[in-house]
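Here is how the chains run, residue by residue.
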Amino acid sequence: MSVDRRTFLKGAAVAAGVAVTGSTGILLSRSADARRGRRWVPPDWTARNRLFIPPVVDLADLTEPYQLEAAAATLNFGPSSGLAWVYNGVFPGPTLLARKGDSAQLKLLNKLAEDTIIHWHGMVVDHPNDGHPKQIVGTGGVYDYSFPIVQRAALNWYHPHPDMLTGEQAAMGLAGGFILRDDEEDALGLPASRPPATGFPAPASGYEVPLVIRDSDFDNAGNLKHSESGAISMVNGTIDPYLPVDRALYRFRILGGFHTARVARIALSHGLTFTLIGNDGGLLPEPVDVSEILVSSGERVDVLVDFRRVERGTEVLLRDVDAGRDVLGFQVLWSFGDDSQPPEVLPSITPLSSPVRTRTFTFDGMSRINGLVYDISRIDFQVPFGDTELWSFTTGGTGPHPVHVHGASFQVVSRTGGRGQVYPWERGWKDTVLLLDNETVDVLIRFDAYRGEYLIHCHRMQHEDRGMMSNFEVV
Ligand code: C2O
Ligand code: CU
Ligand code: CU
């Protein structure tokens, strides 16, 4: 049998196996070992549910606007099924893909029984495309979006943004990832673009995997319900999930998809570390190895994990240390051979500097910024286009407050009080930064893409819905 023919058969086995249960992958590994005269008995990995990976929609492949239909659907959460509210029948919604310099044409179709609108979190777009609560559409309504991709490669995301209903709709499942690519990132040869080693087929997930971590609550019938308790962790809409992986370098695009107050302190078992390469606004100025990362609602991290550091047969756990939960099991199933290394340098970032004015934002109680509850028709302040400003976020308590700004990314300068430091995952460009009790976080920000109306708000959706949100205008 020719090498090509063997490779093809292995590819077919993997493709067929993992599409159903992943168990054929184990058989493949056994037979590969058998050819080498060894027997490898896979551990008993039956306790978890296969991680769902949302379908990827590359907007560049489409000639028509891509429609996202928000509707109720019955879904399989792993151990059980129930009702959720989702985009295009999947939870999380399809992972959208676009490149810097291209444009995105999208359409929301609202099949929910209430108003909604989609906001593209992290995307630098003008006001009509931002999914501001003023742009809500009712049941049966549509909203058309069309915008150029003007920013660097990053993981952004999309979710509802109707005034006072965002928490409910996100809790019910409406959210998806939106990955931006660019030439700068492509040149690094990160795992996504790495071909599988020595003729082996790549694992079905690929070597770049989005992981949307969130909390969920269920009613007695097993349907998702809106609650703040967040009793159950899910990754990509799967309860207690596993992902079969190769002994290789992987890239995980992690999103804090929480509607709750959860601040996940993520870490890996078996002494594995994360090579942190990016966050909300794309790649960091340099890679850094960390053993844990804090992720709150709206925040993203881009990490490399090297499964070559453990033996085949190991189940590496992704843990939320503070919650005492194992949120995902990476089952090291294959050993295809991989000699790739994390990049040693990343593209540099020009620091913002010399702010021309300072604004202070106090996050008060559960519902106010600078003493004011959100009013959809009130503009609270104006920001001159192109000026670099220092924004100072502060709270006396009632945190966590993940502070999020629409329309531009910012650079974190300092944190005083509370934890008193800026963490490695807060370097580079951010659009959401975690403010804990008695902290002041200073950031530099400049709106230099569009004039128009934007939002600043707490991304803990209970706070946002109660009014911890403010309209401002770039003029
Ligand atoms: Cu992800 Cu205004 O929100
Ligand atoms: Cu946003
Ligand atoms: Cu808050």
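This text follows the structure it describes.
What counts as what
- Residues numbered from 1 in each chain as written.
- Chains lettered and ligands numbered in written order.
- Predicted model: local features only at pLDDT ≥ 70, side-chain atom pairs only at ≥ 80, totals over all residues.
- Heavy atoms only, no water.
- Helix = DSSP H or I, 4+ residues; strand = E, 2+ residues; numbered from the N terminus.
- Buried < 20%, exposed > 50% of the residue type's maximum accessible area, 1.4 Å probe, protein only.
- Areas by Shrake-Rupley, 256 points an atom, 1.4 Å probe, with all protein chains shown as cover.
- Lys, Arg positive; Asp, Glu negative; His and termini not counted.
- Salt bridge = Lys/Arg side-chain N within 4 Å of Asp/Glu carboxyl O.
- Contact = heavy atoms within 4.5 Å.
- Donors = N, O, S within 2.8 Å, 3.2 Å for Na, K, Ca; no water.
- Polar contact = N/O pair within 3.5 Å; in protein donor to acceptor, adjacent residues only side chain to side chain.

On to the overall build of the chain, then. When you go through the chain residue by residue, the secondary structure sums to five helices and 33 strands. For the chain, buried positions account for 60% of its 475 residues. In the form shown here, the chain has an accessible surface area of approximately 17700 Å², with 52% of it arising from carbon and sulfur atoms.

Mapped onto the elements of the fold, D442 is located in strand β31 (residues 439-446). Nearest to the buried, unbridged D442 among oppositely charged side chains is R415, at 10 Å. Setting aside residues no more than four positions away along its own chain, D442 makes contact with L390, W391, S392, Q411, V412, V413 and S414.

All right, on to the coordination of the copper ion (ligand 2) then. Surrounding the copper ion (ligand 2) are the protein donor atoms H119 (NE2) and H404 (NE2), at 1.9 Å. Remark: H404 occurs in strand β28 (residues 401-405) and H119 occurs in strand β7 (residues 118-121); sequence separation between them is 285 residues. Residue class for H404 comes out buried when judged on its relative accessible area of 0%.

Attention now goes to the coordination of the copper ion (ligand 3). Donor atoms from the polypeptide that bind the copper ion (ligand 3) are H401 (ND1), C458 (SG) and H463 (ND1), placed at 2.0 to 2.1 Å. Read N to C, the donor residues that coordinate the copper ion (ligand 3) are spaced as H-x56-C-x4-H.

This next bit is on the side chain of H161. Counting through the fold element by element, H161 comes out in the loop between β9 (154-160) and α3 (166-171). Side-chain polar atoms of H161 contact the side chain of H406, separated by 3.3 Å. Apart from the residues within four sequence positions on either side, H161 is in contact with I117, H119, G131, P133, T166, H406, L455, H457, E464 and M469.

Here we take up unusual backbone geometry. Note the cis peptide between F91 and P92, where omega equals -5°. With respect to the element layout, P92 can be found in the loop between β4 (81-87) and β5 (93-99). In this structure, the amide linkage connecting G399 to the following residue, P400, adopts the cis form with an omega of 0°. Locating P400 in the fold gives a position in the loop between β27 (388-394) and β28. One non-glycine residue, N88, lies in the positive phi region at around 50°. Among the secondary structure elements, N88 is positioned in the loop between β4 and β5. N88 sits in the partly exposed class, given a relative accessible area of 29%. Although it is not a glycine, D240 adopts a positive phi angle of roughly 50°. By secondary structure assignment, the location of D240 is in the loop between β14 (238-239) and β15 (241-246).

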